[in-house]
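These are the residues of each chain, in order.
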Amino acid sequence: MCDKESDLESQSLSTQEFAARTIVGRFPLATLKSRDSAAGQIFEVSFQEKILLILDKRGAKYYFPTRRKRIIKWEKITTVALARLIEYILRDLASADYEVLTVTNKQILKRPIHISR
């Protein structure tokens, strides 16, 4: 884990804020906006003015093409599973042709599609 991510962990952040800040930290061209609603704080990850991901107290919702379900719920997420979930989201962004980085600042490559016979 990089220093930025460990700094985020040391602060008392909500699950959605921690996930949003970690994702944006590894998605250099993305912007993060937060707003308050009746359901709590909502974080929007955008790229070129297009919302790609919304994170709130219930979970994360994708607004980009993916093979995974478009809604991820936080219900049974532990601290270790949260880090893995953030990696999944970043890999999904990479597979959708967005430039995202590993913890060592190397670009995450798009997953190859294997066609079986």
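Below or above, wherever it landed, is the structure these notes cover. Being a predicted model, the structure only gives us computed values, none of them experimental.

Thresholds, definitions, all that
- Residues numbered from 1 in each chain as written.
- Predicted model: local features only at pLDDT ≥ 70, side-chain atom pairs only at ≥ 80, totals over all residues.
- Heavy atoms only, no water.
- Helix = DSSP H or I, 4+ residues; strand = E, 2+ residues; numbered from the N terminus.
- Contact = heavy atoms within 4.5 Å.
- Areas by Shrake-Rupley, 256 points an atom, 1.4 Å probe, with all protein chains shown as cover.
- Buried < 20%, exposed > 50% of the residue type's maximum accessible area, 1.4 Å probe, protein only.
- Phe/Tyr/Trp six-rings, centres within 6.5 Å; stacked < 30°, edge-to-face > 60°.
- Lys NZ or Arg CZ within 6 Å of the ring centre and 35° of its normal.
- Pairing = 2+ DSSP bridges.
- Axes fitted to C-alpha atoms, helices over the stretch in contact; angles between N-to-C directions.
- Salt bridge = Lys/Arg side-chain N within 4 Å of Asp/Glu carboxyl O.

## Here we look at the overall build of the protein chain
In terms of regular secondary structure, the protein chain is built from three helices and five strands. Listing the helices and strands of the protein chain from first to last along the sequence gives α-α-β-β-β-β-β-α. Partitioning the contacts of the protein chain with sequence separation of at least 6, the portion at a separation of at least 24 is 34%. When the accessible area of the protein chain is evaluated, it comes to approximately 7800 Å², of which 51% is carbon and sulfur surface.

## Details of helix 2 (residues 15–25)
One full turn of an α-helix is made of 3.6 residues, so residues set three or four places apart face in the same direction. Along helix 2, eight of the eleven residues are buried, which leaves the element largely enclosed by surrounding structure. Among the residues of helix 2, Gln16, Glu17, Phe18, Ala19, Ala20, Thr22, Ile23 and Val24 are the ones counted as buried.

## Regarding the packing of aromatic side chains
Geometry of an aromatic ring pair is reported as the spacing of the ring centres plus the angle between the planes. By the definition in use, this model includes five aromatic pairs. Through pairs of rings, three or more aromatic residues link up here, namely Phe27, Phe47, Tyr62, Phe64 and Tyr98. For arginine 68, the ring lying beneath its charged end belongs to tyrosine 88, and the centroid distance is 4.7 Å.

## Looking at the sheet that holds strand 1 (residues 31–37)
If you trace the five strands from one edge of the open sheet to the other, you get 1-2-3-4-5, paired in antiparallel fashion. Of all the strands in the sheet, just strand 1 and strand 5 (71–73) have a single pairing partner and so form its edges. Averaged over all pairs of adjacent strands, the angle between their axes in this sheet comes to 20°, without regard to strand direction. Direction of pairing for strand 2 (residues 40–47) relative to strand 3 (residues 50–55): antiparallel, over a ladder of five bridges. Across the sheet, the residue bridging to phenylalanine 47 is lysine 50, located in strand 3. Those strands touched by helix 2 are strand 1, strand 2 and strand 3, and its axis lies near 15° from that of strand 2.

## Remarks on unusual backbone geometry
Non-glycine residue glutamate 49 carries a positive phi angle of around 65°. Of note in this structure, asparagine 105 is not a glycine but carries a positive phi near 65°. When you line up the elements, asparagine 105 lands in the segment after helix 3 (79–95).

## Concerning the pattern of salt bridges
Applying the stated criterion across every chain yields a total of six salt bridges. For aspartate 97, the salt bridge goes to lysine 110, with nearest N and O atoms at 3.4 Å. With aspartate 97 in the segment after helix 3 and lysine 110 in the segment after helix 3, this pair connects stretches of sequence that are 13 residues apart. Given the relative accessible area of 58%, aspartate 97 is considered exposed.

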